[in-house]
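Structural characterization, general
Okay, here's what each chain looks like letter by letter:
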Amino acid sequence: MVTPKRLAELVEGDSVMDAEPIEDADRECPDCGGDVISVGYMPSVTEFVTAYKCQECSWGETDRE
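In this report, we go over the structure that sits alongside the text. (Residues numbered from 1 in each chain as written. Predicted model: local features only at pLDDT ≥ 70, side-chain atom pairs only at ≥ 80, totals over all residues. Heavy atoms only, no water.)

Scanning the chain from terminus to terminus reveals 1 helix and 5 strands. Relative to a compact globule of 65 residues, whose C-alpha radius of gyration would be 11 Å, the chain shows 11 Å and is just as compact. A principal-axis box enclosing the C-alpha atoms of the chain has dimensions of 35 × 30 × 20 Å. When each of the 65 residues of the chain is scored for burial, the buried share is 32%. Considering only intrachain contacts with a sequence separation of at least 6, the fraction spanning at least 24 residues in the chain is 28%. (Helix = DSSP H or I, 4+ residues; strand = E, 2+ residues; numbered from the N terminus. Rg over C-alpha atoms; globule rule 2.2 N^0.38 Å. Buried < 20%, exposed > 50% of the residue type's maximum accessible area, 1.4 Å probe, protein only. Contact = heavy atoms within 4.5 Å.)

Set out below in structure tokens:
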């Protein structure tokens, strides 16, 4: 099973400082319709990001603007 920090690193593509517990995102993947999970994390001291990742395919995104 993937840890919250590892999931955040997979979506971010780099190491992160800290991550919150993984949660069900209550949404469907736009690519395959699979279940999506979310994790909040801090890639730096001044930034908090929520990442979303499909459990069935490689789709993932963040809430960054």
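Still to come is the rest of the account.
So, on to the pairing of strand β2 (residues 23–28). Side-chain positions along a regular strand alternate between the two faces of the sheet. Where β2 and strand β3 (residues 35–44) come together, 3 bridges link them in antiparallel fashion. Counterpart to Asp 24 in the pairing with β3 is Ile 37. What sits between β2 and β3 in their antiparallel hairpin is a turn of 6 residues, with Gly 33 showing a positive phi close to 80°. (Pairing = 2+ DSSP bridges.)

Further remarks concern the packing of aromatic side chains. If you walk through the whole model with that rule in mind, you get 0 aromatic pairs. Directly above the aromatic system of Tyr 52 lies the positively charged group of Arg 27, at a separation of 4.5 Å from the ring centroid. (Phe/Tyr/Trp six-rings, centres within 6.5 Å; stacked < 30°, edge-to-face > 60°. Lys NZ or Arg CZ within 6 Å of the ring centre and 35° of its normal.)

Before going further, it helps to examine the side chain of Thr 50. Along the chain, Thr 50 falls in strand β4 (residues 47–54). For Thr 50, a relative accessible area of 17% translates into the label buried. Each residue touching Thr 50, except ones within four places of it in the same chain, is listed here: Ser 38, Val 39, Gly 40, Glu 61, Thr 62 and Asp 63.

Keep in mind that these numbers describe shape and distance, not what the molecule does.
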